[in-house]
Amino acid sequence: MKVVIDTNCLLSCIGKKSLYRNVFDAFLNNNFILCASNEILLEYEEKFNDFWGKEVTNNLLALFETSYNFKEVIVYYNWQLISQDEDDNKFADAYIAANADFLISNDTAITKLKNNSFPTLHILTLEEFSKIL
C-alpha cells in the first residue's frame, strides 16, 4: 500500500505518546510505502526543525530516505486541484504521480477532494488511516 501523508499528520504520529503512533510504527515495520516529492520533503524538513531541531530532523529524513518502504516521487504535472491553499497541491500531485492508494490528511482544503470526479483521490483522515492499520 502506497500513501502520501501531509506534514501535520506525519508530525502527529511520530511522538512516542501520540494517539496515532501506530501509523509511524507501521511505517517502521514496512506495512506501507511512504511516498513524497522533493517539495514535500522540504516541508517535512522545515516543520521537523521547528518541532524537534536539526539533529532529530536529520535522523528522521535519513530514516525516510534509506528505508526500503520510502519512495521519492517526481511530479511531472501540477494538477492545481486546490485553490483554497495552493501550497497543499504538492500532496495531491505527489499522490497522483506515485499512483498511491491513499492521501492522508486532516486539512479541509485536501479532504474536500474526496468528492473530486477526476482525478479520483482516495483521502483518509489520520484517524481513519490509523484504524485500518
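Here's a quick rundown of the structure. (Residues numbered from 1 in each chain as written. Predicted model: local features only at pLDDT ≥ 70, side-chain atom pairs only at ≥ 80, totals over all residues. Heavy atoms only, no water.)

What about the packing of helix α3 (residues 38–52) against helix α5 (residues 89–98)?
The interhelical angle for the contact between α3 and α5, taken along N-to-C directions, is 135 degrees, at an axis separation of 9 Å. In this view, α3 runs oblique relative to α5, as classed from their interaxial angle. Our pair here, α3 against α5, has a crossing hand that is left-handed. Note on element contacts: α5 touches α3 through K90, F91 and A94, opposite E39, I40 and E43. Broken down by class, the residue content of the contact of α3 with α5 amounts to three nonpolar, no polar and three charged. (Axes fitted to C-alpha atoms, helices over the stretch in contact; angles between N-to-C directions. Helix = DSSP H or I, 4+ residues; strand = E, 2+ residues; numbered from the N terminus. Parallel < 35°, antiparallel > 145°, perpendicular 65-115°, else oblique. Left-handed = near helix turned anticlockwise from the far one by under 90°. Contact = heavy atoms within 4.5 Å. Nonpolar A, V, L, I, M, F, W, Y, C, P; charged D, E, K, R; others polar.)

Considerations on unusual backbone geometry
Backbone phi values are negative for most residues with the exception of glycine, while trans is the configuration of most peptide bonds. Unlike most non-glycine residues, N30 shows phi in positive territory, near 60 degrees. In this structure, N99 takes a positive phi of about 55 degrees despite not being glycine. With respect to the element layout, N99 can be found in the loop between α5 and β4 (102–104). Taking the relative accessible area as the measure of exposure, N99 reaches 60% and is therefore exposed. (Buried < 20%, exposed > 50% of the residue type's maximum accessible area, 1.4 Å probe, protein only.)

With respect to the nonpolar core
Ranked by internal contacts, the top residues of the largest apolar core, which has 42 residues, are V4, I5, F32, Y44, F48 and F64. For V4, the contacting residues outside a window of four places in its chain are C35, I40, F91, A94, Y95, A100, F102, L103 and I104. (Core = buried A, V, L, I, M, F, W, Y, C linked by side-chain atoms within 4.5 Å.)

Here's the deal with the pairing of strand β1 (residues 2–5)
Side chains of β1 alternate between two faces, with K2 and V4 and V3 and I5 buried alike. Relative to β4, β1 runs parallel, the two being bridged by three bridges. Note on β4: the bridge partner recorded for V4 is L103. (Pairing = 2+ DSSP bridges.)

Digging into the pairing of strand β2 (residues 33–37)
By the criterion of burial, β2 is predominantly enclosed, with four of the five residues buried. The pairing of β1 with β2 spans two bridges and is parallel. Counterpart to V3 in the pairing with β2 is L34. As paired elements, β2 and strand β3 (residues 70–73) share four bridges and run parallel to each other. When the sheet's bridge partners are listed, A36 is paired in β3 with E72.

Side note on a nonpolar patch on the surface
A contiguous nonpolar patch, built from M1, I132 and L133 and spanning about 260 Å² of accessible area, is present on the exposed surface. Within the secondary structure layout, I132 lies in helix α7 (residues 126–132). (Patch = residues over 30% accessible without salt bridge, like charges linked within 9 Å, V, L, I, M, F, W, Y side chains within 5 Å. Areas by Shrake-Rupley, 256 points an atom, 1.4 Å probe, with all protein chains shown as cover. Salt bridge = Lys/Arg side-chain N within 4 Å of Asp/Glu carboxyl O.)

Notes on helix α4 (residues 54–66)
Under the 1.5 Å per step criterion, the end-to-end length of α4 is 18 Å for 13 residues, consistent within 8% with the ideal 18 Å. For α4, the set of buried residues is T57, L60, L61 and F64. Viewed along the axis of α4, the buried residues span an arc of 95 degrees, placing them on a single side of the element. Opposite its buried face, α4 presents the exposed residues E55 and T66, each directed more than 90 degrees away. The inward-facing, buried residues of α4 contact α1 (7–14), α2 (21–28), β2, α3 and β3. (Expected span 1.5 Å × (residues − 1). Arc of directions from axis to C-beta.)

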